[in-house]
Amino acid sequence: MNWDDDTEATAEADRLVAASADGEDTAVEAALRPKDLGEFVGQEKVRQQLDLVLKAARQRGATADHVLLSGAPGLGKTTLSMIIAAEMGAPIRITSGPAIQHAGDLAAILSSLQEGEVLFLDEIHRMSRPAEEMLYMAMEDFRVDVIVGKGPGATAIPLELPPFTLVGATTRAGLLPPPLRDRFGFTGHMEFYAPEELERVLHRSARLLDVEIDTAGAAEIAGRSRGTPRIANRLLRRVRDYAQVRADGVINREVAGTALQVYEVDGRGLDRLDRAVLEALLKLFGGGPVGLSTLAVAVGEERETVEEVAEPFLVREGLLARTPRGRVATPAAWAHLGLVPPRQGGSGSSGQQGLFGA
Ligand SMILES: Nc1ncnc2c1ncn2[C@@H]1O[C@H](COP(=O)(O)OP(=O)(O)OP(=O)(O)O)[C@@H](O)[C@H]1O
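Keep in mind it's a predicted model, so treat the numbers as computed, not measured.

**Q** Help me out: how do you make sense of the site of the ligand in this one?
**A** Surveying the vicinity of the ligand reveals 22 residues, the closest of which are Glu29, Pro73, Gly76, Thr78 and Thr79. Listing elements by their share of the shell around the ligand, those giving two or more residues are α2 (23-32), α4 (77-88) and α10 (229-246). Taken domain by domain, the shell around the ligand gets at least three of its residues from each of domain 1 (43-189) and domain 2 (195-262).

**Q** Honestly, unusual backbone geometry in this entry has me stumped. Any pointers?
**A** Most peptide bonds take the trans form, and the phi angle of most residues other than glycine is negative. Backbone torsion omega between glycine 288 and proline 289 reads 5°, so that peptide bond is classified as cis. The backbone phi angle of aspartate 210 is positive, close to 60°, even though this residue is not glycine. Relative to the elements of secondary structure, aspartate 210 occurs in the loop between α8 (195-209) and α9 (215-222). Residue aspartate 210 is classed as exposed on the basis of its C-beta count, with 7 C-beta atoms lying within 10 Å. Backbone geometry places glutamate 264, a non-glycine residue, at a positive phi of 60°. By the element assignment, glutamate 264 lies in the loop between α11 (253-262) and α12 (272-284). The class for glutamate 264 is partly exposed, based on 15 C-beta atoms found within 10 Å.

**Q** Explain the sheet that holds strand β1 (residues 67-70) to me, please; I cannot follow it from the model alone.
**A** Remark on secondary structure: sheet strands pair via backbone hydrogen bonds, oriented parallel or antiparallel. Here we have five strands laid out as an open sheet, ordered β2-β3-β6-β1-β7, and parallel in their pairing. Each having just a single partner strand, β2 (92-96) and β7 (186-189) make up the two edges of the open sheet. Adjacent strand axes in the sheet meet at a mean angle of 15° when their direction is disregarded. Pairing between β1 and strand β6 (residues 165-170): four bridges, direction parallel. Paired with serine 70 across the strands is threonine 170, a residue of β6.

Definitions and limits used
- Residues numbered from 1 in each chain as written.
- Predicted model: local features only at pLDDT ≥ 70, side-chain atom pairs only at ≥ 80, totals over all residues.
- Near = placed C-beta within 6 Å.
- Helix = DSSP H or I, 4+ residues; strand = E, 2+ residues; numbered from the N terminus.
- Domains from an automatic or database assignment.
- Buried ≥ 20, exposed ≤ 12 C-beta atoms within 10 Å, placed from the backbone.
- Pairing = 2+ DSSP bridges.
- Axes fitted to C-alpha atoms, helices over the stretch in contact; angles between N-to-C directions.

Honestly, it's all geometry; don't read function into it.
Here it is in structure tokens:
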């Protein structure tokens, strides 16, 4: 996803079901973050493997190996990096790829690290090339060459660094150059959460926010949270508002369902934009195939917004397929919107194939 594009970023940030953080999240998330591996819900594989890596390092009295965490936004990469620091009894420094545009920015951070400190580098795939090259040496040899001066008179001054643990996070591990990927001792891939896991996240968050929620209420919110704890926590806060103002403060299935209807998040976690795209695809184009540009005009959105903001979840949910001939709705999409697909070979979808170009 090209997050430098303002249109997409704004369209995404405005959504209640956005996986990326907004201002309110940033404030509340600190309070809701699990503090150790025991409190961290789900991600069994990564948790077990990481537990071994950290325990072994502690037993050896060594600094933990560098860790790469990959996965979609909001799945807990930042949280896990803080847990790594806590489990190692080490301080943590947090920065991100886009914040490091010059090798000098990185040199300043690296040279001020304490022994054993955890450096969390979010969006590591967005670091500048020269900084990335400096990082190779820092990760491998705990050393950087600081260039002093310019042109022919420039000299490289080697600088020793204390051993540290780099925790890199990326939504796209495939974008990392192999030399960088190879320097991580452990790579953990974060998966989307199962509804039962999100229910556990919700019960825990409700306790911390001091709001009463029953099993069915948590299940109702979990089912609409798109496999993502950040979205689950955000929906919980909106449902809490509704429960406080319109009900007796307790979140049960009915309260959660009605509240999320008010906020236009449906039973499967689709919001207004997702449904507009699906409805256009089904009602105007008989389920497709239809070109992306045509679909975008039909819903009055930018092409990029439809492609980058709405489609990934629709594809993940098996509601929409991207084919060489255009976007096509699946039988599950018709079922979800309660519509009947046109008869094959009649005047329905197959009869319309090829009519709608890009
Ligand atoms: N496994 C988990 N158990 C409980 N809560 C979780 C878990 N994972 C994430 N959360 C909660 O979800 C929110 C978002 O998590 P976090 O900031 O770690 O995600 P992230 O993957 O770093 O996102 P981004 O890539 O956007 O920075 C936090 O409030 C955190 O408390």
